[in-house]
Amino acid sequence: MAFGKYKKGHSASDKEQERQQNMSEEEGNVRQKKAESLEREDLEELFRREMGTDGKEGEKTSGHEPAGKEFFESQAKLEELEKALQNEKDRCLRVMAELENYRRRAARELEEERKYRAMDVIREILPVMDNLGRAVEAAEKQNPDDPLLEGVKMVWQQFEHALENQKCTRIEALNQPFDPNLHQAIQQFESDEVPPNTIIHVAQDGFLLEDRVVRPAQVIVSKAKS
């Protein structure tokens, strides 16, 4: 009798343990499903973030662009920057070329200014020398032994040396072929002694400063007899 009670009690304990075990298994299955569900939701959320959508086709999430579009936009920006850089390089080259041209032009103008700086002064002096020359010629005809004549000649010679020091030289004219760049014809005479267009008389001397004409020589030119 006692044995039977013991056996019955043992059977009830086994059922309770089995029930608890089943509950534990069910709870474990629920937890596993819940974990799988959460993991799936996390993966879906991660996928949506990566794709830049909120799960609805054609709609963008806030603040996220598709990775492919970002790549193409980056490429477009890079090309734009490269083009802008090339434009700046071209502009710099043009500025450098213009600066070099300016430097050369300024150096040339400075050299010309240095070479011809005495031009205006010489043009003012030449009429004075012309008058001194006429005075000397007149005095030589009237009184060649006058001491004053020697003093005037010395002054005239000093003017000549001053012009030479400034690289101002007399234009060769007499018996030279007429050159309109150097000579100014004031008259023509028929002559068979020299070829036509030959300078037979110099009425007024001309001068050069370096290679530039200060004043052309006034001359009389021959022409063939008619």
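Our structure's up above, just so we're on the same page.
Residues numbered from 1 in each chain as written. Predicted model: local features only at pLDDT ≥ 70, side-chain atom pairs only at ≥ 80, totals over all residues. Heavy atoms only, no water.

Colleague: I'd like to hear about the side chain of arginine 215, residue by residue, with values.
Modeller: Following the sequence through the fold, arginine 215 ends up in strand β5 (residues 212–215). Within the local environment of arginine 215, its side chain forms a polar contact with the backbone oxygen of aspartate 205, the two atoms lying 2.6 Å apart. In contact with arginine 215, not counting residues within four places along its chain, are Leu126, Asp130, Ile171, Gln204, Asp205, Gly206 and Phe207. (Helix = DSSP H or I, 4+ residues; strand = E, 2+ residues; numbered from the N terminus. Polar contact = N/O pair within 3.5 Å; in protein donor to acceptor, adjacent residues only side chain to side chain. Contact = heavy atoms within 4.5 Å.)

Colleague: Report on the layout of surface pockets, specifying residues and quantitative values.
Modeller: Put simply, the largest pocket is a space of about 400 Å³. As for the largest pocket, its lining consists of 18 residues, and the residues nearest its centre are Asp130, Gly133, Arg134, Glu137 and Asp205. Those elements that place two or more of their residues in the lining of the largest pocket are α3 (119–142), α4 (147–165) and β3 (199–204). When residues in the lining of the largest pocket are grouped by element, the largest group, eight residues, is from α3. Residue composition of the lining of the largest pocket, grouped by class: seven nonpolar, two polar and nine charged. (1 Å grid on protein atoms, 1.4 Å probe; cavity = no way out; pocket = protein on both sides within 12 Å on 5 of 7 lines; lining within 4 Å. Points joined across faces, edges and corners; volume = space filled by probe spheres on them. Nonpolar A, V, L, I, M, F, W, Y, C, P; charged D, E, K, R; others polar.)

Colleague: Give me the pairing of strand β6 (residues 217–223): which residues, what numbers.
Modeller: Burial runs high along β6: five of the seven residues are buried. Bridge count for strand β2 (residues 183–190) against β6 is seven bridges, and the pairing is parallel. Each residue of the ladder has a partner; that of glutamine 188, found in β6, is valine 221. (Buried < 20%, exposed > 50% of the residue type's maximum accessible area, 1.4 Å probe, protein only. Pairing = 2+ DSSP bridges.)

Colleague: Lay out the sheet that holds β2 in plain terms, naming residues and giving numbers.
Modeller: Within a beta sheet, neighbouring strands are joined by backbone hydrogen bonds and run either parallel or antiparallel to one another. Ordered in space as β2-β6-β3, the three strands form an open sheet in which the pairing is mixed. Every interior strand has two partners, whereas the edge strands, β2 and β3, have only one. Mean inter-strand twist for the sheet, computed between neighbouring axes without regard to direction, equals 25°. Sheet analysis places β3 next to β6, joined by four bridges and oriented antiparallel. Across the sheet, residue isoleucine 199 finds its bridge partner in β6, namely valine 221. (Axes fitted to C-alpha atoms, helices over the stretch in contact; angles between N-to-C directions.)

Colleague: Tell me about the pattern of salt bridges, residues and numbers included.
Modeller: Counted by the stated rule, this structure contains eight salt bridges. In this structure, glutamate 140 and lysine 153 form a salt bridge, with 2.8 Å as the shortest nitrogen-oxygen distance. With glutamate 140 in helix α3 and lysine 153 in helix α4, this pair connects stretches of sequence that are 13 residues apart. Glutamate 140 gets classed as partly exposed once you look at its relative accessible area, which sits at 35%. Residue classification places lysine 153 among the partly exposed positions, given a relative accessible area of 22%. Put simply, aspartate 192 and lysine 225 hold a salt bridge, and the shortest N to O gap is 3.6 Å. Remark: lysine 225 occurs in the segment after β6 and aspartate 192 occurs in the loop between β2 and β3; sequence separation between them is 33 residues. When sorted by exposure, aspartate 192 lands in the same class as lysine 225, which is exposed. Three or more residues are tied together by salt bridges with common partners; here these are Glu160, Arg170 and Asp205. (Salt bridge = Lys/Arg side-chain N within 4 Å of Asp/Glu carboxyl O.)

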